[in-house]
Amino acid sequence: MGHADYYRSGTYNGICDRCGSKFKFSDLKLEWDGLYVCTANGCWEPRQPQDYVKGVMDDMSVPVSRPDQPPLYIQDETVTEIAVITLSFIKSLVRILTVSVTSVCSIIPIKYPKTTNTSVVNGFALNTTTLG
């Protein structure tokens, strides 16, 4: 026997879906999600007002659209980074080669003085004084 076990004309006993207590069915309220809950134990709560808010679609289109324009520069004249690196590498090689050639040219007359008996045969320098 519970506290709702008494006679009331036109109603019957019911159980709260949230807390499980026994009440007269006329004291239970229907929630928006289909549950019959009591108001005495604080089980009933109103529906969240944010449930009634409807979303608004954003207009994502561009107001003025135009086709892509061709580039204003000529494709063949563009300088790439690899070309710049290669050019600077070649420039440094030429500088090194120039330094080495000038240093060799300044050493040759000191070590090998020019004589009148030297002749070039098939790309080789022959000294007739040494060969006899």
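These figures come from a predicted structure and were not determined experimentally. (Residues numbered from 1 in each chain as written. Predicted model: local features only at pLDDT ≥ 70, side-chain atom pairs only at ≥ 80, totals over all residues. Heavy atoms only, no water.)

Draft legend 1. Up close: the overall build of the protein. Check the secondary structure of the protein and you find two helices and six strands. Listed by position from the N terminus, the elements making up the protein come as β-β-β-β-α-β-β-α. The buried share among the 132 residues of the protein stands at 8%. Across the protein, the fraction of contacts at a sequence separation of at least 24, relative to all contacts at a separation of at least 6, is 5%. Approximately 12,100 Å² of the protein is accessible, and the part contributed by carbon and sulfur atoms is 62%. (Helix = DSSP H or I, 4+ residues; strand = E, 2+ residues; numbered from the N terminus. Buried < 20%, exposed > 50% of the residue type's maximum accessible area, 1.4 Å probe, protein only. Contact = heavy atoms within 4.5 Å. Areas by Shrake-Rupley, 256 points an atom, 1.4 Å probe, with all protein chains shown as cover.)

Draft legend 2. Spotlight on the pattern of salt bridges. For the structure on display, the rule yields four salt bridges. For Arg8, the salt bridge is made with Asp27, and the minimal N-O distance between the two is 3.6 Å. Pair noted here: Arg8 is in the segment before β1 (13-15) and Asp27 is in the loop between β2 (22-24) and β3 (29-30), with a separation of 19 residues, a long-range link. Judged by its relative accessible area of 35%, Asp27 falls in the partly exposed class. Note that Asp51 is salt-bridged to Arg47, the shortest N-O span being 3.2 Å. (Salt bridge = Lys/Arg side-chain N within 4 Å of Asp/Glu carboxyl O.)

Draft legend 3. A nonpolar patch on the surface, seen in detail. Taken together, the side chains of Phe89, Ile90, Leu93, Val94 and Ile96 present a nonpolar region at the surface, about 490 Å² in accessible area. Along the chain, Ile90 falls in helix α1 (residues 81-111). The exposure class of Ile90 is partly exposed, given its relative accessible area of 45%. (Patch = residues over 30% accessible without salt bridge, like charges linked within 9 Å, V, L, I, M, F, W, Y side chains within 5 Å.)

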